[in-house]
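This is what each chain is made of:
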Amino acid sequence: MKIIDNYRDLPIGMYLDICEIDRRTDIEELHKQVQILSLLTGASEEDLYNLPLEDYKVLAAKSNYRRKPYDGEILMAKSYKVGTFTLIPVEDFRKITTAQYIDFQTFSKEGEKRVVEILSTMLVPKGCKYNQGYDVIEVQKAIRKEMSVAEALSLFAFFFVQYRQLIKDSLIFCREEAMKIPDKEKRMQTLREIQKQEDFLLMKNGDGLHA
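What comes next concerns the included structure. The written sequence of each chain sets the order in which its residues are numbered from 1. Side-chain atom pairs in this predicted model are given and counted only at pLDDT of 80 or more, local residue features only at pLDDT of at least 70, and totals for whole chains, interfaces and linings cover all residues. Excluded from the side-chain calculation are hydrogens and water; included are all heavy atoms of the structure.

## Describing the overall build of the chain
Each helix is a run of H or I in the DSSP string that is no shorter than four residues. Each strand is a run of E no shorter than two, and both are numbered from the N terminus. Looking only at helices and strands, one finds nine helices and three strands in the chain. Listing every helix and strand of the chain by position from the N terminus yields α-α-α-α-β-β-α-α-β-α-α-α. Categorising residues by exposure relies on relative accessible area from a 1.4 Å probe, with only protein chains included: less than 20% of the type maximum marks a residue as buried, more than 50% marks it as exposed, and the intermediate range marks it as partly exposed. The buried share of the chain, reckoned over its 211 residues, is 41%. The contact definition used throughout considers only heavy atoms, calling two residues in contact when any of these lie within 4.5 Å. Within the chain, contacts between residues separated by at least 24 positions form 64% of all contacts whose residues are at least 6 apart in sequence.

Structure below.
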């Protein structure tokens, strides 16, 4: 029985489904494992329960990679072919539209649970502008089904590095503008708020998609 046994072949949508199963508290661990193996093999749960024990153990062992972080090389491609789409990643956050920035921020608040939606804000079909001339929901479906965890991880990491740099540049500008405020009390209050944002940015450094 074939099984998806590495992150390069594991679709990001299936990974998220597996995470949902792992978070469940209403079923036993063995049944969780069977549900996960059913996803990874495409076999029914009944077929898995009817496997010889030794064969089942082999499959279970091959699925253990998902309990470890992805440790492969993280590189971003120039384009990604998913479904009928050729998606082009945004390489410079300074060139994104206001709509992209708002959507990226909105989805980012929910972290890796919305990784597909986050990716869809920064991956635009070739020849299109963001959310114009195509259906973003169809793009999300294609990403969920055909983009691997390895690809999603590299993109996720790149986008958040770009995002942090954009925020950092904005805070530097805000600090320069705050220093021009004539009222000392208001100036100090504004600088304290900026410092809080800078501290938060440092605290979040290194966050990303945890496989």
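Having seen the model, we can carry on.
## Here's the deal with the sheet that holds strand S1 (residues 80–82)
Paired strands, as defined in this entry, are two strands with at least two bridges between them according to DSSP. One open sheet holds the three strands; their spatial order is S1-S2-S3, and the pairing between them is antiparallel. At either margin of the open sheet sits one strand with a lone partner, and together these are S1 and strand S3 (123–125). Mean inter-strand twist for the sheet, computed between neighbouring axes without regard to direction, equals 40°. With axes taken as lines fitted to C-alpha atoms, and helix axes fitted only over the stretch in contact, angles between N-to-C directions fall between 0 and 180 degrees. Across the sheet, helix H6 (residues 115–122) is in contact with strand S2 (85–89) and S3; its angle to S3 comes to roughly 55°.

## Concerning the packing of helix H5 (residues 98–108) against H6
A pair of packed helices is captured by two measures, namely the crossing angle of their axes and the spacing between those axes. Taken N-terminus to C-terminus, the directions of H5 and H6 make an angle of 165°; their axes are 9 Å apart at the nearest point. Accordingly, the angle class assigned to the pair H5 and H6 is roughly antiparallel. As for the relative orientation of H5 and H6, their crossing is left-handed in sense. Residue-level contacts link Gln100, Asp103, Phe104, Phe107 and Ser108 of H5 to Glu117, Ile118, Thr121 and Met122 of H6. Orientation labels follow simple angle bins: below 35 degrees gives roughly parallel, above 145 gives roughly antiparallel, 65 to 115 gives roughly perpendicular, and whatever is left gives oblique. In this scheme, a crossing is called left-handed if the near helix is turned counterclockwise away from the far one by less than a right angle; it is called right-handed if the turn is clockwise.

## Things to note about the pairing of S2
Residues Phe85, Leu87 and Pro89 of S2 are buried on one face, while the alternating residues Thr86 and Ile88, pointing to the opposite face, are not. Connecting S1 to the antiparallel partner S2 that follows it, the hairpin turn spans two residues, and Gly83 within it adopts a positive phi of roughly 60°. Pairing geometry for S2 and S3, over three bridges, is antiparallel. What sits directly across from Leu87, in S3, is Pro125.

## What to know about the packing of aromatic side chains
Only the six-membered ring of Trp is used, alongside the rings of Phe and Tyr, when aromatic pairs are assigned; centres must lie within 6.5 Å, and planes under 30 degrees apart are stacked while those over 60 apart are edge-to-face, with the rest tilted. In this structure the tally under the stated criterion is one aromatic pair. Ring geometry for Tyr7 versus Tyr65: centroids 5.2 Å apart, planes at 80°, classification edge-to-face. A residue pair is termed long-range when its members are at least 10 positions apart, and Tyr7 in the segment before helix H1 (12–23) and Tyr65 in the loop between helix H4 (53–62) and S1 qualify at 58 residues. A single burial state applies to Tyr7 and to Tyr65, both of which are buried.

## Considerations on the environment of Cys128
In this structure, Cys128 sits in the loop between S3 and helix H7 (136–146). Classification of Cys128 by relative accessible area gives partly exposed; the value is 29%. Taking C-alpha positions, Cys128 is 9.5 Å from Ile88, a pair spaced 40 residues apart along the chain.

## Describing the nonpolar core
In this text, buried Ala, Val, Leu, Ile, Met, Phe, Trp, Tyr and Cys residues form a nonpolar core when linked through side-chain atoms within 4.5 Å. With 53 residues, the main nonpolar core has Leu10, Ile12, Leu40, Leu119, Leu123, Ile143 and Met147 as its most contacted residues. It is helix H8 (residues 149–178) that provides the largest number of residues to this core, a total of eight residues.

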